Amino acid sequence: MALILDGNRIRDQIKSECRPRVEQLIAKGRAPGLAVVLAGHDPASQIYVRNKVKTSQELGIYSETLTPPESISTAELVALVEELNRRPEIDGILVQMPLPAHVDAKRVLLAVAPEKDVDGFHPCNVGNLATGRPGPKPCTPAGIIELLKRYQIPIRGKRAVVVGRSDIVGKPAALLLLHEDATVTICHSKTADLPGVCRQADILVAAMGRAAMITADFIAPGATVIDVGINRIDNRDEVARIFRGSAEKLAAFDRNGSVLVGDVHPIDVAATAGAYTPVPGGVGPLTIAMLMVNTIDSAERRIGVC
Ligand code: NDP
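Here goes a summary of the coordinates provided. From a predicted model like this one, the values you see are computed outputs, not experimental measurements. (Residues numbered from 1 in each chain as written. Predicted model: local features only at pLDDT ≥ 70, side-chain atom pairs only at ≥ 80, totals over all residues. Heavy atoms only, no water.)

## Quick look at the overall build of the chain
Regarding its fold elements, the chain presents 12 helices and 11 strands. Over its C-alpha atoms the chain spans a radius of gyration of 20 Å, differing by no more than 12% from the 19 Å that the globule rule assigns to 306 residues. Principal-axis analysis of the C-alpha atoms gives the chain an extent of 55 × 45 × 35 Å. Among the 306 residues that make up the chain, the fraction classed as buried is 50%. (Helix = DSSP H or I, 4+ residues; strand = E, 2+ residues; numbered from the N terminus. Rg over C-alpha atoms; globule rule 2.2 N^0.38 Å. Buried < 20%, exposed > 50% of the residue type's maximum accessible area, 1.4 Å probe, protein only.)

## Looking at the pattern of salt bridges
Counted by the stated rule, this structure contains 18 salt bridges. Between Asp-297 and Arg-21 there is a salt bridge whose closest N-O contact spans 2.5 Å. In this pair, Asp-297 sits in helix α12 (residues 284-303) while Arg-21 sits in helix α1 (residues 7-28), placing the two residues 276 residues apart along the sequence. The class of Asp-297 is partly exposed, set by a relative accessible area of 25%. Of the charged contacts in the structure, one is a salt bridge between Arg-86 and Glu-83, with a shortest N-O distance of 3.1 Å. On the criterion of helical spacing, the pair formed by Arg-86 and Glu-83 is a turn pair, its members being 3 residues apart in helix α3 (residues 74-86). The exposure class of Glu-83 is partly exposed, given its relative accessible area of 41%. Ionic contacts of the salt-bridge type, sharing partners, join the residues Lys-15, Lys-54 and Glu-58 into one network. (Salt bridge = Lys/Arg side-chain N within 4 Å of Asp/Glu carboxyl O.)

## Quick word on the site of the ligand
Around the ligand sit 21 residues, and of these Arg-165, Ser-166, Ser-189, Arg-210 and Thr-287 come closest. Take Val-228: an N or O atom from its main chain is 3.4 Å from a nitrogen atom of the ligand. A distance of 2.7 Å separates an oxygen atom of the ligand from a polar side-chain atom of Thr-287. About the coverage of the ligand: the protein hides 71% of its 930 Å² of free accessible area. When grouped by side-chain class, the residues that make up the shell around the ligand number 9 nonpolar, 10 polar and 2 charged. (Near = heavy atom within 4 Å. Polar contact = N/O pair within 3.5 Å; in protein donor to acceptor, adjacent residues only side chain to side chain. Areas by Shrake-Rupley, 256 points an atom, 1.4 Å probe, with all protein chains shown as cover. Nonpolar A, V, L, I, M, F, W, Y, C, P; charged D, E, K, R; others polar.)

## Here's the deal with unusual backbone geometry
Cis geometry marks the peptide bond from Met-97 to Pro-98, where omega comes out at 0 degrees. Relative to the helices and strands, Pro-98 resides in the loop between β4 (92-95) and α4 (105-111). Positive phi outside glycine occurs at Asp-193, with the angle close to 50 degrees. With respect to the element layout, Asp-193 can be found in the loop between β6 (183-187) and α8 (194-198). On the accessibility criterion, Asp-193 (52% relative accessible area) is exposed. The phi torsion at Ala-212 lies on the positive side, around 55 degrees, for a residue other than glycine. Here Ala-212 shows up in the loop between β7 (203-206) and β8 (224-227).

## Notes on the nonpolar core
Core analysis: the biggest nonpolar cluster contains 48 residues, and Ile-14, Leu-148, Leu-177, Val-205, Ile-226, Val-228 and Met-292 have the highest contact counts within it. At the level of secondary structure, the elements contributing two or more residues to this core comprise α1, β2 (33-37), α2 (43-59), α6 (139-150), β5 (159-163), α7 (170-179), β7 and α12. No other element matches α12, which puts 9 residues into this core. Counting residues in hydrophobic clusters, the runner-up holds 20 residues, among them Ala-2, Val-197, Ala-223 and Val-269. (Core = buried A, V, L, I, M, F, W, Y, C linked by side-chain atoms within 4.5 Å.)

What follows is the structure in structure tokens.
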């Protein structure tokens, strides 16, 4: 039986470690402060932001959500970020992606002060990550490493294959695994013989946004499989195909009108892997937990606790 890597359990551990740190900061003068910028009305973004704010509040982190209209220009958004840069009680600034199509997202991310960049997306922090210097690490990849370490899954000397080369997940996940002394291969849509490359992995990270694409023939028996993908399936036949007629999943679809699936085939991975993250309840919960850690780290540096 493959071991299920429970992201909710690790998230709760991380949150309980955050609480005394927040209390110490409050005792020193003030709570950590997180500002979230949500431009437009993307429904998924609204849910993500709500969850981030809720978790901040649970931990005693001051949080503020700025909701400029969809029509905001790049220059106005840059000015808004610069204002947050100047506010001393704000330790972390998160600009929720995607931004409205007409906005130059790169320019907006560049405007975030690197010391308040709790997403780790600023080129300065990308450079820090690439060169192994201290700094905020992108939350989802940092969560993957936390999960592996807390489950004591060896990384050093292991072969890690990351499928996906985005700036948000794939590339930083590969760099973090490299810093942990894995031998890392990065794959993408032009990789030849993807199943063959994936089968070499002791640790396989799937971050493509392709529902259930990683089937048994991609997975070496006993491998650890980390599924980053979040895909919402809103077609009943597709649910029946992916979950091979599972009555439970079809009932869930009939209740909710959709079902979530990762990039890894949920039935194949359970039968083939040694350990794996489920979707939902695997990597997802860790992303917000690591955002809290990055915000507290930033506050500690700025208030002078560490
Ligand atoms: P992107 O779309 O930015 O990147 C996808 C990557 O996957 C690209 O590098 C692309 O290759 C590669 N890819 C796409 N199709 C294939 C294929 N058929 N074979 C091989 N490689 C392929 O996605 P993100 O990195 O932002 O997100 C990936 C997934 O992770 C999504 O499902 C997203 O929802 C989820 N996600 C989950 C988070 C969480 O908290 N759990 C957080 C962030 C993302 P190429 O570069 O050649 O186009």
